[in-house]
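Each chain, letter by letter, is given below.
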Amino acid sequence: MDAVKQALSEVSRSVVLITAAVCGATTLLLWSCTSRRAVNKKIQRARERRDESLQRAEQAVRLYKESHPLMGSPDILTLSLPELTKQLRDGSLNPENVLYSYMEKTLEVHNKVNCCTGVLLESFDDVKTIDTSSKGLLYGVPISIKENYNYKNTVSSCGLVKFLDQPSKEDGVLVKVLKRQGAIPFVKTNVPQSMLSYESSNPIYGRTVNPHNYQKTAGGSTSGEGALIAAGGSVLGFGTDIGGSVRIPASFCGISAFKPTGGRLSHKGLSTSCPGQNIVQTSAGPLARDVDSLALCMQALLCDHMFSLDPTVPPLPFNVEVYQSSKPLRVGYYINDGYTEPSPSMARGVREVKALLEKAGHTMVPFVPGNPSYAATEVSLKSLVADGGVTVLNNLKGGPLDSCITMQVWLCFWPSFVRRILSILIKPFFPRMAPVLAALNGVGSVSNLWKQQCVVQDYIDETIAEWKQSSIDVLLCPVIGPAFNTLYSGKLNSALSYTLVYNVLNFPAGVVPVSTVTAEDEDQLKHYKGNYQDPWDKLFKQAVTGGEGLPVAVQCVALPWHDELCLCFMKEVEQLVKQSTK
C-alpha cells in the first residue's frame, strides 16, 4: 500500500510540476501580450499619486504645527472612539487638532508598515467646513477606509491594474452616511491583489507588514486597516469581509472587528474583483481598538440617511437595549472544527475565555457547525468560484501577478480535466486538496448554479436547526492566528474554515483580542500534527512559527440579524478578559 501511495505521489508531483510550468508560461505570455510599458506607466502614476498625497499631507501637518504649537497632546491618540466623540461634541477637543494629530501618526505608521494607498487631501478642507450646528454621532472623527470604498475622484482598484483608470464618480453610500454623521475620511488603506486573499500585498502599492513583527503579514484583505489601527494611526476604520477579511487582520494585528449580517449595511459603492458573486455575501464592517467603538459605529451607520440612500437595506436601527443587556447567555463553543487543527495559542485563547464565561455565570454548551470538510469545499469554495474563477482571471489580465495569489491563480488556470485527474491522484495522501481541485471547476451551468444555491440554503437551514436544538444564544470559537509569516496565506486556504463558514451562513461574527502568544505556546507548536497530517497541516505549522508576543484573539458569532447580541457578547468577552488581567 505504501508503494502505491508513493507511486501516486510521484505521478501527481510530475503532473503538478508540468502543469505549473505550463501555467507559468501562460501567465508570462498573457503578461507579455499586453503593453508592459503602458502597464508599468499606470502603476508608476498610481504610486506617484500616492506619494504626492503623502508628501502634501506631511507639508500640511508641518505648517499646521508651526502655526499651532499646542496642536494636541499624545492623549488624543489614546482615546477610545466614544471618549473622542464626547470631547469633540462638548468642545473639549478641536476637530482640526484631532485630524492633524491622526494624520501625523498615520504618516509615521505608513513609513514603517506601508499601509496607505493615498491621503484624502479633501479632509483638510472638510475639517474646516464641518457642520457644527448638527453634530452627528461621529462629529469630527477622522476615519480610514479600505481602498475598495468608493470615494469621489479616487481609484478603488482592489489591487488590480485594470481598475487604475477608473476613478469613482461619487462617494459610496457608507461614505456619504459617515460624512453626514460628521466623520472625516482622511486616508485609504492597502489590500491584497483581487482582495481574495488574507495576505497583504499587491503589485501596485506593495506589501503591508504587521506592526508587531515586520516578518509577519497583517492579514487580509482589509490589510492596511488592521495595521494602521493596531499601530495607532486611526481610531476607526472600515473594511469588507467575504471570508474573514476584517476578522483575520483584526486577529493578526490585535484589534477588534465586526462582520455584520450581510445586507445590514449598504453594499452600494463597494468595489469588488468578482462582481455578480452573490451566493456568499460580502459584508462591510468596522475595525477599532475596542468593542464600544464598533457598537457606536454601527449605531451611527444604521440611520434613516442610509435607509433612504439604499432602500434595499432593511430599516433596522441599532438596538441599544440588546447591546447593553447583562443577562446570562447560553454560549455554544468549540476549539477544533475538525478540519483545521488550531494553533496552540488559538486553542488556549478559547479555553481561557470559556473558563471566564463559566465563572461569570454563563452556560457553556459544546457546539460545532456540521460537516466542516463539506462546508469548506462543496458549500463555500464551490459557491465562491461558481464561474470556475473566470471573472477574477479576466480582471487580473493586463498586469503583473503578485506572489501572494500566484498559487490560487495557477490552480484556476489549470484545465478542468487536469484538476479532475489530479484530484483523484492526490486523494490518498492529500484528502483535503482533492475536493478543492474539484470545486475549482465551478458549477458549469445555470441549472447547476441554482442547485448550488439550494446546497447553501440547505446548509444554512440545517445549521440553524442544530443551533436551535442546542438552545444557544451565541457561539465562541477560534479565529485564525497568530499572524502568519509572509507568503503562506496564499497556500493555506484550508485555515479559512474558521471564518468563511460564517459568511456562507450569513451569521454576524466579530473578533476580540484576548491574549498574546507565549513561549509555552511556541514550545507546544513543535508537537503540532494537525487533523489530517497532510501538506496543509505542515504548512500551517510553518506559517505560525515564530509568533511569541503576537496577539491572540477569539471569534464571537450570533444568528442572522442578531448583530447587537453578537456585539454584546463581544463586549462581555472583552470586559472579562480585562478584569482577569488586573
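Definitions and limits used
Residues numbered from 1 in each chain as written. Predicted model: local features only at pLDDT ≥ 70, side-chain atom pairs only at ≥ 80, totals over all residues. Heavy atoms only, no water. Helix = DSSP H or I, 4+ residues; strand = E, 2+ residues; numbered from the N terminus. Rg over C-alpha atoms; globule rule 2.2 N^0.38 Å. Buried < 20%, exposed > 50% of the residue type's maximum accessible area, 1.4 Å probe, protein only. Contact = heavy atoms within 4.5 Å. Areas by Shrake-Rupley, 256 points an atom, 1.4 Å probe, with all protein chains shown as cover. Axes fitted to C-alpha atoms, helices over the stretch in contact; angles between N-to-C directions. Parallel < 35°, antiparallel > 145°, perpendicular 65-115°, else oblique. Nonpolar A, V, L, I, M, F, W, Y, C, P; charged D, E, K, R; others polar.

This part covers the overall build of the protein chain. If you tally the helices and strands in the protein chain, you get 22 helices and 15 strands. Scaling as 2.2 N^0.38, a compact globule of 582 residues should have a C-alpha radius of gyration of about 25 Å, and the protein chain matches this with 23 Å. Projected onto its principal axes, the C-alpha positions of the protein chain cover 75 × 65 × 50 Å. For the protein chain, the proportion of its 582 residues judged to be buried stands at 58%. Within the protein chain, residue pairs in contact and separated by at least 24 positions form 81% of the contacts whose partners lie at least 6 positions apart. Element-wise, carbon and sulfur atoms account for 54% of the exposed surface of the protein chain, whose accessible area totals about 23000 Å².

This part takes up unusual backbone geometry. Cis geometry is adopted by the peptide bond preceding Ser221, which originates at Gly220 and carries an omega value of 10°. Along the chain, Ser221 turns up in the loop between β7 (213–217) and α7 (223–230). Here the amide bond leading from Gly481 into Pro482 is cis, since omega sits at -5°, within 30 degrees of zero. Secondary-structure assignment places Pro482 in the loop between β13 (474–478) and α19 (500–504). Positive phi values are uncommon outside glycine, yet Ser471 reaches one of about 55°. One can find Ser471 in the loop between α18 (446–470) and β13. For Gln533, which is not a glycine, the phi torsion comes out positive at approximately 55°.

So, about the packing of helix α3 (residues 81–89) against helix α9 (residues 291–301). Axis separation between α3 and α9 bottoms out at 8 Å; the angle between their running directions is 60°. With respect to each other, α3 and α9 are oriented oblique. Of the residues in α9, those touching α3 at Leu81, Pro82 and Thr85 are Asp292, Ser293 and Leu296. Its residues assigned to classes, the contact of α3 with α9 shows three nonpolar, two polar and one charged.

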